[in-house]
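Architecture at a glance
If you want the building blocks of each chain, they are given just below.
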There are 2 protein chains.
Amino acid sequence: MANIREIARLAGVSVSTVSRVLNNHPYVSTAKKDAVLKTIEKLDYSRNINAVHLSQGKTNMVGVVLPTINHPYFSALLEGIAEEAMKHNVQLVLFQTDYNQDKELEALEQLRGHLIDGVIFCSRAVQFDLLLNYKGIGPTVLCEDADQQEFPSVSIKHVEAFNLGLDYLVSKGHEKIAICLGRLEGTNSQKRKAAYEKKMKVIGEKFRREWIIGQCLMIEDGKKVIDEYLEWDEKPTAFLVGNDQVAAGMIAEAKNNELTVPEDFAVISFDNHPISKILGITTIEIPTKQLGSSAFMAYIDQSKDIEYSDKIVLPVKLWERKSV
Amino acid sequence: MANIREIARLAGVSVSTVSRVLNNHPYVSTAKKDAVLKTIEKLDYSRNINAVHLSQGKTNMVGVVLPTINHPYFSALLEGIAEEAMKHNVQLVLFQTDYNQDKELEALEQLRGHLIDGVIFCSRAVQFDLLLNYKGIGPTVLCEDADQQEFPSVSIKHVEAFNLGLDYLVSKGHEKIAICLGRLEGTNSQKRKAAYEKKMKVIGEKFRREWIIGQCLMIEDGKKVIDEYLEWDEKPTAFLVGNDQVAAGMIAEAKNNELTVPEDFAVISFDNHPISKILGITTIEIPTKQLGSSAFMAYIDQSKDIEYSDKIVLPVKLWERKSV
DNA sequence: TTGTAAGCGTTATCAG
DNA sequence: CTGATAACGCTTACAA
C-alpha cells in the first residue's frame, strides 16, 4: 500500500503538505492541494490509522465493559452509548466480561496500552481501589449509583426507585411483599435488600429472608420465581421485581399454573421496556438508553477536564398498568 | 510513560532483548530476562499497543457491522461472535449502522486504514460489487444466505425454513395464511415473499398481497399486526411470523382484544428465543448464537487462507408448542 | 505557504 | 544468545 511519502513524491510536494491536506489544515495552496488529492485518488491511497494513533498518542476509541450483550438492559445501554459515540466519531471496543474481574482488568490494561482512550463501565465487579490505579490514564465512567468522588457516574437512584415501588404496593394495600433481585453480590442488591428490610419494619410486617429471590435476570428466571412461590406455605400478595423480563416470565408462567395477575398476586417491575407495555405490566421506567448516551457524554466531559466527576442522576417514572 | 528503550537502558540490555522478553521469545538468558522483568515491574511499564500494531501491520481487531444492537436477534449473534473472539484474543470494534450503507462503508474504510484486520457483516445493505472492492484487504464474513462465491458466509437456509413453517401450518389444516416479514427491501424478505406466493399457488389458495405485513421487527410491531388483522374483512386462520418478538407482541395484543391463540388464529414464528418458550409459541429455532460463533470461526479460517469462502449452513428445528 | 527532520514505540533482520 | 539499526507511516515543531 502506498504511503504518505509516495504520495508526496508523486504529487511533487513534501510529506507535511500531504499531511496537511489529509487533515484539512489551512495554509495549503489550492494548486498543491489539488495535486495531492489527485494523487491520493489515483493511487487509491488510504492512510494507516495505526501510524496516526501512534503519532498522536490516542485512538479515538473507548472501551465498553459489560457483563453480557445479550440482555435488553445492556443492549439498550450499549445502543445509547453507540449512538452518542457515533456523533463524536469515536469507535467502541467491546469487553464482554460475564462479571469476571479479570476481563474487566483486561479492559483497563488495554487502556494502559493505549488501545483505547478511556473506558465506560456498564457494570463493575472489580474493587474500587483497583480502579484507582488506572485513574489519570484516561477518562473512566461508571454506570452505577456510585458514592465516591473519583469518577463521573451515570445512574438512577436505585434505592429511591426501589422504595417508590415498595410504597406503591403498600398504597395499593399490599403488605406481604416478596422481591426479586439480580446478582445478590452486587452493591445494588445489597442496598435494595437493606431498603426492603427497613420498609418491612416501617409497615410493621415481618421480614422474611426467603422472600428475597436472587439471580433474577432473564425472562426464563420468571419460571424459577413461580416455582418457588408455589412451594411457599405462606404466600406474598405482591412481587417487586428487578426488571421487566423477569416480570414477564413470571406472568407467563403464572398463567401456565392457572394463576392470574394481579388477582393471585400483584407484580411491579423496573425498566419499562416494550415487553412491559404489551403485557400491561406496571413498571418503573429506567431510561436505559439515555443512561448510555449520558455515560458517553460524561466520557467526553471527562476527556476535556480530567477532574470532571459529576454524578449524573436520571429520573425514573412509574407507569401504572394492570399488573398491580 | 516509559518505553522499551528506557527499560533496555535500565536493565542494561538492548531493546531487542526487551522485545524478546515481551514476546516470550526463546533464546534469552534467564539472567537478562529476570533483569528485564524486574525493570518492567519497577517502572510499571506497559507496552504501547499502537506501536505494535504499526510495526506488525495488524491489530487483532475485527469490525462487527450490525444495524442495531438492541434487538434480541443481533444481541445473540453478537454475543456468539464475542465469545468466540475472546477465545482467540481478538477485540471487537462495533459499527452500528441502522441499515445505513454509508455506515457500512465506514467499517470497510477502517479496514482499509488498518484499524481492523477484517469485518463480520451481521447484516448488509451495501451492494455486492462494492464489497468486492475491499476483497483481499482482509477477511470478510457475511451472515446471510449468500449465493455468491467470493466471501464465506454463515446462515440458515431461509427459504427452506420458511417453507417448513408454511408446510407445518398447512399440515395443521391452515390454508388462509398471512405472513409477517422484517425489512421488505432485504433479500431475505424478497425470497420469502416468492416462496409464499409459490406455496399459495401449490395449495390452490389465492395470493393476497395485503396479507404480507412488512416492518415486523420488534415486540411492539405485534400490535401493528393485530390492528391490521382487525381491519381485514377476510381473516387468515394463521400467521407465519418472522421472529419471536413480533409473535409475542401479537399474542399479547390479541389478548387485549379478546382474541385467543390458536383459537382465533394460529401463530408460528422464528428464533426459539426464551420468550417463545415461556409464552408457548410454536417456533422454528434459529441457532442465533452459534451463527455468531460460526461467523467468527469463518473469519479465522479466512484469515489463514484468503481463498476460504465456505458457505456454512446451520440447521433449524421446529418446536411444536401451543400457538398453532 | 512549504519543506526538513525529529519524534511516536515497537518489531524484525542481520551480523556477531 | 545478543545488539545495532532499519523499517512501520504518520504528525508536528521549526526553519525558511
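Here's a quick rundown of the structure. Note that the coordinates shown come from a computational prediction; the quantities given were computed from them, not determined experimentally. (Residues numbered from 1 in each chain as written. Chains lettered and ligands numbered in written order. Predicted model: local features only at pLDDT ≥ 70, side-chain atom pairs only at ≥ 80, totals over all residues. Heavy atoms only, no water.)

Let's shift gears to the sheet that holds strand S10 (residues 282-285) of chain A. Residue and element names in this part refer to chain A. With mixed pairing, the six strands of this open sheet are ordered in space as S7-S6-S8-S9-S10-S12. A single partner strand is all that each edge strand has here, and the edge strands are strand S7 (212-213) and strand S12 (317-319). Across four bridges, the pairing between strand S6 (residues 177-180) and strand S8 (residues 238-241) is parallel. Note on S8: the bridge partner recorded for Ile179 is Leu240. Packed on one face of the sheet, helix H11 (residues 244-256) meets S6, S8, strand S9 (266-271) and S10 and runs near 150 degrees to S9. (Pairing = 2+ DSSP bridges. Helix = DSSP H or I, 4+ residues; strand = E, 2+ residues; numbered from the N terminus. Contact = heavy atoms within 4.5 Å. Axes fitted to C-alpha atoms, helices over the stretch in contact; angles between N-to-C directions.)

Residue and element names in this part refer to chain A. Considering the arrangement of structural elements, one finds Asn272 in the loop between S9 and helix H12 (274-279). Judged by its relative accessible area of 18%, Asn272 is buried. At 3.3 Å, the side chain of Asn272 and the side chain of Glu285 are in polar contact. Polar contacts involving the side chain of Asn272 include one to the side chain of Arg321, which spans 2.6 Å. Not counting the four nearest positions on each side in its chain, Asn272 is found in contact with Asp244, Thr283, Ile284, Glu285, Trp319 and Arg321. (Buried < 20%, exposed > 50% of the residue type's maximum accessible area, 1.4 Å probe, protein only. Polar contact = N/O pair within 3.5 Å; in protein donor to acceptor, adjacent residues only side chain to side chain.)

Now for the relation of the copies chain B and chain A. The two copies are related by a screw operation: chain B maps onto chain A through 180 degrees of rotation and 0.0 Å of translation along the axis, at an RMSD of 0.1 Å. Taken together, these values place the two copies in the relation of a two-fold axis. For chain B, the minimum C-alpha distance to the rotation axis belongs to Val93 of chain B and amounts to 2.3 Å. The share of interface residues of chain B whose copies in chain A are also at the interface is 100%, consistent with both copies meeting through the same surface. (Least-squares fit on C-alpha atoms with pLDDT ≥ 70 in both.)

Right, let's get into the protein's contact with DNA strand C. Neighbouring DNA strand C are 25 residues; Ser29 of chain A together with Ile4, Ser19, Tyr45 and Ser55 of chain B lie closest to it. Considering the 4 Å shell around the protein, atoms of DNA strand C inside it are sugar or phosphate in 59% of instances. Residue Ser29 of chain A places a side-chain N or O atom 2.4 Å away from a phosphate oxygen belonging to DNA strand C. Within the contact set of DNA strand C, a sugar or linking oxygen lies 3.1 Å away from a side-chain nitrogen or oxygen of Lys32 of chain A. Counting residues per element, the ones that place at least two in the surface near DNA strand C are helix H2 (15-22) and helix H4 (49-56) of chain A together with helix H1 (4-11), helix H2 (15-22) and helix H4 (49-56) of chain B. Broken down by element, the surface near DNA strand C gets its largest block of residues, four residues, from H2 of chain A. Residues of the surface near DNA strand C, tallied by class, amount to nine nonpolar, twelve polar and four charged. (Near = heavy atom within 4 Å. Nonpolar A, V, L, I, M, F, W, Y, C, P; charged D, E, K, R; others polar.)

Turning our attention to unusual backbone geometry. Between Val261 of chain A and the following residue, Pro262 of chain A, the backbone shows a cis peptide bond with an omega angle of 5 degrees. Although it is not a glycine, Asn272 of chain A sits at a positive phi angle of roughly 55 degrees. A positive phi is found at Asp98 of chain B, a non-glycine position, where the angle reads about 55 degrees. Inspection of the secondary structure assignment puts Asp98 of chain B in the loop between strand S2 (91-96) and helix H6 (101-112).

Here we come to the interface of chain B and chain A. Taken together, the 49 residues of chain B in the interface contact 49 residues of chain A. Approximately 4200 Å² of surface area, both sides summed, lies buried where chain B meets chain A, with 58% of it carried by carbon and sulfur atoms. Per-residue buried area on chain B facing chain A is highest for Asn50, Arg112 and Ile278 of chain B; these three make up 15% of the total on that side. Counting across the chain B and chain A interface gives two salt bridges. Close ionic contact of Asp44 of chain B with Arg112 of chain A constitutes a salt bridge, the shortest N to O distance being 3.2 Å. For the interface between chain B and chain A, the tally reads 15 residue pairs in polar contact (both at pLDDT 80 or more). For the side of chain B that touches chain A, the secondary-structure elements that each account for two or more residues are H4, helix H5 (72-87), S2, H6, helix H11 (244-256) and helix H12 (274-279) of chain B. Top element by residues in the side of chain B that touches chain A is H5 of chain B. It accounts for eight residues. Within the side of chain B that touches chain A, the residues separate by chemical class into 22 nonpolar, 15 polar and twelve charged. The sheet contact formed by strand S2 (residues 91-96) of chain A and S2 of chain B spans three bridges and is antiparallel. Looking at S2 of chain B, one finds that Leu92 of chain A is bridged to Leu94 of chain B. (Buried area = accessible area lost by both parts, 1.4 Å probe. Salt bridge = Lys/Arg side-chain N within 4 Å of Asp/Glu carboxyl O.)

This part takes up the protein's contact with DNA strand D. Around DNA strand D, 24 residues are found, and the nearest of them are Ile4, Tyr45 and Ser55 of chain A together with Arg20 and Ser29 of chain B. When the atoms of DNA strand D within 4 Å of the protein are grouped by moiety, sugar and phosphate amount to 60% of the total. Here a base oxygen of DNA strand D and a side-chain polar atom of Arg20 of chain B are 2.6 Å apart. Contacts to DNA strand D include Ser29 of chain B, whose side-chain N or O atom sits 2.7 Å from a phosphate oxygen. When contributions to the surface near DNA strand D are tallied by element, the ones reaching two or more residues are helix H1 (4-11), H2 and H4 of chain A together with H2 and H4 of chain B. At four residues, the largest contribution of residues to the surface near DNA strand D is made by H2 of chain B.

On to the environment of Lys277 of chain A, then. Relative to the assigned elements, Lys277 of chain A resides in helix H12. It is 38 Å that separates the C-alpha atoms of Lys277 of chain A and Leu105 of chain A, two residues lying 172 residues apart in sequence.

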